[in-house]
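Given next are the chains, with one letter for each unit.
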Amino acid sequence: MPAESPSMARPNPSASLPKPGSQSALRERNQQRVIAALMSGGPQTQAELSRQTGLSTATVSNIVKVMASTGIVSTAPTTSSGRRALSVILNETGQVAAGIDIGRRHLRVVLATPTYRVLQEAAVALPLGHSAMDGLTAASELLDTLLESGGIPRSALLGAGIGIPGPIDRRTGTVVQGAILPEWVGINIHETFSEQLQVPVLIDNDANLGALAQVTWGPHGAVDNLMFMKVASGIGSGLVLNGTLYYGNVGVTGELGHTTINEQGAICRCGNRGCLETVASTSTMIDLLGHRGRDAGEPVDTRQIIDWALTGDTATLRVIDDAGTAIGRALAHMANLINPETIVIGGR
Ligand SMILES: [Zn+2]
């Protein structure tokens with residue numbers, strides 16, 4: 001059967017939409033701008049909305065009135081610069097979005113409203129060297145558990161944002177060589193996750209998402225040029241340049257963990273020698289101090305290293321000092337290259 005014989009023709013979704021260029025299309029577009037500003041910036045006054053959207057205060061005031069009458073937003077009295085003002089709040093509709101953070105050894109899932117209120121959150125350990133399918137199944141199961149425990153129907157799930165600790169080729173949606181999850185290399189995670197979860201998914205490198213979080217909900221909302229460096233089992237960084245995430249040519253940016261620090265250094269999992277990760281990642285620090293753990297009869301982890309450092313253990317301080325020097329050197333190169341306003345260091 002032809003996909004769309006005349007009798008089977010699907011209704012044209014654009015038929016009910018206002019004609020582009022018409023007065024109502026303009027109103028619709030302006031309303032979308034106000035909603036987008038409320039979603040990214042949280043509750044704010046009409047004057048702030050006007051500044052954020054570039055719309056006049058009169059237009060914002062009209063749009064807010066219409067949206068309040070249809071229940072899309074509510075308003076509450078507030079003060080702004082000592083004057084009385086109205087705070088505009090996006091109403092919750094019962095819909096949720098999922099955030100999925102996949103690490104080398106962990107998985108974390110959160111459910112949040114479109115107004116960024118976190119409703120449910122849970123984390124589980126993943127076995128080291130887990131396959132992409134194992135990670136995906138675990139993520140999907142944990143997501144279902146959270147929906148169920150929150151009494152949220154699956155139909156209320158708008159989509160999922162997924163962070164993974166490795167570079168992603170944005171042309172294909174695949175994890176590329178050098179990822180901290182070698183078992184995931186070459187897998188089209190976008191396709192795989194979309195199929196499994198049956199909702200729209202957005203996938204990005206976790207350091208990129210860290211940078212985005214700093215300027216969206218973190219303390220650096222006013223910063224246009226920010227670098228976020230994640231120091232964990234691997235080392236990666238995310239760049240916000242001119243107010244937007246920087247993806248380079250194919251999406252593999254900020255891979256600072258694989259800059260050469262020592263040409264005679266240890267072999268890195270990427271195949272090069274003496275990469276920053278071979279000196280400063282938490283796995284390297286754990287390896288270097290492993291014998292101390294064996295002497296004490298317990299496995300070493302990052303928490304343990306911090307505890308030793310706080311007691312002034314000289315071997316631990318040597319390892320941290322070397323890591324800090326190497327990281328500082330890499331950051332200095334980046335600072336010379338891109339002149340960021342703020343550098344944030346995160347990770348374990
Ligand atoms: Zn490397």
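Please read all numbers here as calculations on a predicted model, not as lab measurements. (Residues numbered from 1 in each chain as written. Predicted model: local features only at pLDDT ≥ 70, side-chain atom pairs only at ≥ 80, totals over all residues. Heavy atoms only, no water.)

**As for helix α2 (residues 46-53)**
Here is step 1 of the chain: Turning to α2, its buried residues number three or more, namely Gln46, Leu49, Ser50 and Thr53. Looking straight down α2, one finds that the buried residues subtend no more than 100° of arc, so they occupy a single side.
Here is step 2 of the chain: If you follow the buried residues of α2, they end up packed against α1 (23-41), β1 (44-45), α3 (57-69) and β3 (83-90).
Here is step 3 of the chain: Positive backbone phi, approximately 80°, marks Gly54, located one or two places after α2. (Buried < 20%, exposed > 50% of the residue type's maximum accessible area, 1.4 Å probe, protein only. Helix = DSSP H or I, 4+ residues; strand = E, 2+ residues; numbered from the N terminus. Arc of directions from axis to C-beta. Contact = heavy atoms within 4.5 Å.)

**Some points on empty space enclosed by the protein**
Here is step 1 of the chain: Taken as a whole and judged by the stated rule, the model has 1 cavity of 30 Å³ or more.
Here is step 2 of the chain: The computed volume of the largest cavity comes to approximately 40 Å³.
Here is step 3 of the chain: Lining the largest cavity are Ala132, Met133, Leu136, Trp184, Ile187, Ile189, Thr192 and Phe193.
Here is step 4 of the chain: Secondary-structure elements contributing two or more residues to the lining of the largest cavity are α4 (132-149) and α5 (189-197).
Here is step 5 of the chain: The residue makeup of the lining of the largest cavity, split by class, is 7 nonpolar, 1 polar and no charged. (1 Å grid on protein atoms, 1.4 Å probe; cavity = no way out; pocket = protein on both sides within 12 Å on 5 of 7 lines; lining within 4 Å. Points joined across faces, edges and corners; volume = space filled by probe spheres on them. Nonpolar A, V, L, I, M, F, W, Y, C, P; charged D, E, K, R; others polar.)

**With respect to the environment of Gln177**
Here is step 1 of the chain: Summarising the element assignment, Gln177 is placed in the loop between β9 (174-175) and α5.
Here is step 2 of the chain: With a relative accessible area of 61%, Gln177 lands in the exposed category.
Here is step 3 of the chain: Through-space distance from the C-alpha of Gln177 to that of Arg269 is 9.7 Å; in sequence the pair is 92 residues apart.
Here is step 4 of the chain: Among all residues touching Gln177, those that are not within four sequence positions of it are Pro167 and Val185.

**Some remarks on the pattern of salt bridges**
Here is step 1 of the chain: This structure, assessed with the given rule, holds 9 salt bridges.
Here is step 2 of the chain: The closest approach of N and O atoms between Glu121 and Arg108, which form a salt bridge, is 3.2 Å. Placement of the pair is Glu121 in strand β6 (residues 118-125) and Arg108 in strand β5 (residues 106-112), with a sequence separation of 13 residues.
Here is step 3 of the chain: Of the residues examined, Arg108 reaches a relative accessible area of 35% and is grouped as partly exposed. (Salt bridge = Lys/Arg side-chain N within 4 Å of Asp/Glu carboxyl O.)

**Re the coordination of the zinc ion**
Here is step 1 of the chain: Protein-derived coordination of the zinc ion comes from His258 (ND1), Cys268 (SG), Cys270 (SG) and Cys275 (SG), at a distance range of 2.0 to 2.4 Å.
Here is step 2 of the chain: Here the zinc ion binds 4 donor atoms, and the angle range of 104 to 123° at the metal identifies the geometry as tetrahedral.
Here is step 3 of the chain: Linear spacing of the donor residues for the zinc ion on their chain is H-x9-C-x1-C-x4-C. Note that His258 is positioned in the loop between β13 (244-245) and α7 (277-280) and Cys268 in the loop between β13 and α7, a separation of 10 residues in sequence. (Donors = N, O, S within 2.8 Å, 3.2 Å for Na, K, Ca; no water. Tetrahedral: all angles 85-135°; square planar, octahedral: opposite > 155°, others 65-115°.)

**Here's the deal with unusual backbone geometry**
Here is step 1 of the chain: Despite not being glycine, Gln198 shows a phi value in the positive range, around 60°.
Here is step 2 of the chain: On the secondary structure map, Gln198 appears in the loop between α5 and β10 (201-205).

**So, the domain arrangement of the protein**
Here is step 1 of the chain: Annotation of the protein at the domain level lists domain 1 (13-90), domain 2 (96-199) and domain 3 (217-346).
Here is step 2 of the chain: A straight line from the C-alpha centre of domain 1 to that of domain 3 covers 42 Å. (Domains from an automatic or database assignment.)

**So, the pairing of strand β12 (residues 235-241)**
Here is step 1 of the chain: Counting buried residues in β12 gives 7 out of 7 residues, a clear majority hidden from the surface.
Here is step 2 of the chain: Burial along β12 is two-sided: the residues Ile235, Ser237, Leu239 and Leu241 and Gly236, Gly238 and Val240 are all buried.
Here is step 3 of the chain: Two elements, strand β11 (residues 226-231) and β12, share 6 bridges in a ladder whose sense is antiparallel. Opposite Phe228, over in β12, you have Gly238 as the bridge partner.
Here is step 4 of the chain: Connecting β11 to the next strand, β12, in antiparallel fashion are 3 residues. (Pairing = 2+ DSSP bridges.)

**With respect to the sheet that holds β1**
Here is step 1 of the chain: Pairing within the open sheet is antiparallel, and its 3 strands lie in the order β1-β3-β2. With one partner strand each, in any of the chains shown, β1 and β2 (73-80) form the two edges of the open sheet.
Here is step 2 of the chain: Where β1 meets β3, 2 bridges bridge the pair, whose relative direction is antiparallel. By the bridge assignment, Thr45 is partnered in β3 with Ser87.
Here is step 3 of the chain: α1 contacts β1, β2 and β3 of the sheet and is inclined by roughly 90° relative to β3. (Axes fitted to C-alpha atoms, helices over the stretch in contact; angles between N-to-C directions.)

**Some words on the sheet that holds β13**
Here is step 1 of the chain: Judged by pairing direction, the sheet is mixed, and its 4 strands sit side by side in the order β13-β12-β11-β14 without closing on themselves. Among the strands making up the open sheet, the edge pair consists of β13 and β14 (342-346).
Here is step 2 of the chain: Of the strand pairs in this sheet, β12 and β13 are connected by 2 bridges, and their pairing is antiparallel. From the neighbouring strand, Val240 faces β13, where its bridge partner is Leu245.
Here is step 3 of the chain: Running at roughly 45° to β12, helix α6 (residues 206-216) makes contact with β11, β12, β13 and β14 of the sheet.

**Some thoughts on the environment of Gly238**
Here is step 1 of the chain: Among the structural elements, Gly238 can be located in strand β12.
Here is step 2 of the chain: Through-space distance from the C-alpha of Gly238 to that of Gln177 is 18 Å; in sequence the pair is 61 residues apart.
Here is step 3 of the chain: Excluding anything up to four places from it in sequence, Gly238 contacts Ala207, Asn208, Ala211, Leu226, Met227 and Phe228.

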